[in-house]
Amino acid sequence: MKKIFLLIICFTFIQGICFAKDIIQFDFPNEGWHKVISPDNVESKKCYVPYNQTNDNYTEMLIFYERILKNPGISPIVILNKQLGKDKNNYKDIAPQYIKQDMDDAIATWCSKLYSTCSISRAFQGNQGIVLVTYINKMPHYSQNIFTNWVNILGSVKLYTPDNSQEKPLNLIEL
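Treat the numbers as computed from the prediction; the structure is a model and nothing was measured. (Residues numbered from 1 in each chain as written. Predicted model: local features only at pLDDT ≥ 70, side-chain atom pairs only at ≥ 80, totals over all residues. Heavy atoms only, no water.)

Novice: Looking at this structure, I do not really get the pairing of strand β6 (residues 105-112). What am I missing?
Specialist: Regular strands place side chains that alternate from one sheet face to the opposite one. Most of β6 is tucked away, with seven of its eight residues classed as buried. When strand β5 (residues 97-102) meets β6, the two strands line up antiparallel, connected through five bridges. Residue pairing in the sheet places Gln101 in a bridge with Ala106 of β6. Between β5 and β6, which pair antiparallel and follow one another directly, the connecting turn spans two residues. Note: β6 against strand β7 (residues 117-125), eight bridges, orientation antiparallel. What sits directly across from Ser112, in β7, is Thr117. With antiparallel pairing between neighbouring strands as the criterion, β6 and β7 make up a hairpin whose turn holds four residues, including Ser116 at a positive phi of roughly 50°. (Buried < 20%, exposed > 50% of the residue type's maximum accessible area, 1.4 Å probe, protein only. Helix = DSSP H or I, 4+ residues; strand = E, 2+ residues; numbered from the N terminus. Pairing = 2+ DSSP bridges.)

Here you go:
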């Protein structure tokens, strides 16, 4: 009886580990960013907008999302390429450009003049899957400086690895 009980406990523990999500560490560029419901109502997407904006009425949005893959051989650049294909279906006039084409950490950007929207997306390898981070701007200035700034901001997103200290940082997002 004890063996069966221990087996059930072990199975539950292992199953919990399999469904664990990654935690990312990110410092928002300024105060006031707050979590909102995803515009497409996908619960697994963690969306943030600046102060005084909502998921219905936003000009800027940050989206954090993790894709758990059945086939672990797929690299982040492949997932980003698939996402860019979906974006091309929604914004017919875009021509995505890769800023960083590393297999395990890729960044791409695109702008749609027709819809007055720009996006910067990054895909990188997480512990449990592929992490996608996207910045959307519905009122772009088309300034190279803004894009460079946001590429650097998205590039600062990293996986959280707990250390032995007692305090957890405040800038954690559980995917």
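Novice: Would you mind showing me how to read the state of the cysteines here?
Specialist: Between two cysteines, a covalent bond joining their sulfur atoms is known as a disulfide. Going through the model one piece at a time under the given rule, you end up with one disulfide. Sulfur-sulfur distance for the disulfide between Cys111 and Cys118 comes to 2.0 Å. One quick way to see it: the torsion about the S-S bond of Cys111 and Cys118 is about 115°, and its sign makes the bridge right-handed. (Disulfide = S-S within 2.5 Å.)

Novice: Whenever I open this one, the sheet that holds strand β4 (residues 60-67) confuses me. Can you help?
Specialist: Strand order in the open sheet formed by seven strands is β2-β3-β4-β8-β7-β6-β5, and the pairing between neighbours is antiparallel. Each edge of the open sheet carries a strand with a single partner, namely β2 (34-36) and β5. Neighbour-to-neighbour, the strand axes of the sheet open up by a mean angle of 20°, direction not taken into account. Pairing of β2 with strand β3 (residues 46-49) involves three bridges; the strand directions are antiparallel. The residue bridging Val36 from the neighbouring strand is Cys47, located in β3. Taken strand by strand, helix α2 (residues 76-90) contacts β4, β5, β6, β7 and β8 (130-137), and its axis lies near 10° from that of β6. (Axes fitted to C-alpha atoms, helices over the stretch in contact; angles between N-to-C directions. Contact = heavy atoms within 4.5 Å.)

Novice: Would you explain the nonpolar core in this entry?
Specialist: Judged by nonpolar contacts, the single largest core of 21 residues is most densely connected at Ile24, Leu62, Phe64, Ile120, Val133, Trp150 and Val157. Mapped by element, the contributors of at least two residues to this core are β4, β7, β8 and α3 (144-155). For this core, the element with the most residues is α3, which contributes five residues. In this structure, Ile94, Trp110, Ala123 and Ile130 belong to the second largest nonpolar core, which totals 11 residues. (Core = buried A, V, L, I, M, F, W, Y, C linked by side-chain atoms within 4.5 Å.)

Novice: Teacher, can you tell me more about the packing of aromatic side chains here?
Specialist: The description of an aromatic ring pair uses the distance of the two centres, along with the angle that the planes make with each other. For the coordinates displayed, the defined rule picks out nine aromatic pairs. Centroid distance Phe28 to Tyr48: 5.0 Å. Interplanar angle 55°. Geometry classified as tilted. Placement of Phe28 in the loop between β1 (23-25) and β2 and of Tyr48 in strand β3 is noted, with a sequence separation of 20 residues between them. A relative accessible area of 25% means that Phe28 is categorised as partly exposed. Take Tyr48: its relative accessible area is 11%, and that puts it in the buried class. Consider the rings of Tyr135 and Trp150, whose centres lie 3.8 Å apart with planes at 10°: the pair is stacked. Of this pair, Tyr135 sits in strand β8 while Trp150 sits in helix α3, placing them 15 residues apart in sequence. Through successive ring pairs, a cluster of aromatic residues spans Phe26, Phe28, Trp33, Tyr48, Phe64, Tyr135 and Trp150. Here the guanidinium or amino end of Lys138 rests over the ring plane of Tyr58, the centre of that ring lying 4.1 Å away. (Phe/Tyr/Trp six-rings, centres within 6.5 Å; stacked < 30°, edge-to-face > 60°. Lys NZ or Arg CZ within 6 Å of the ring centre and 35° of its normal.)

Read these as spatial facts, not as claims about activity.
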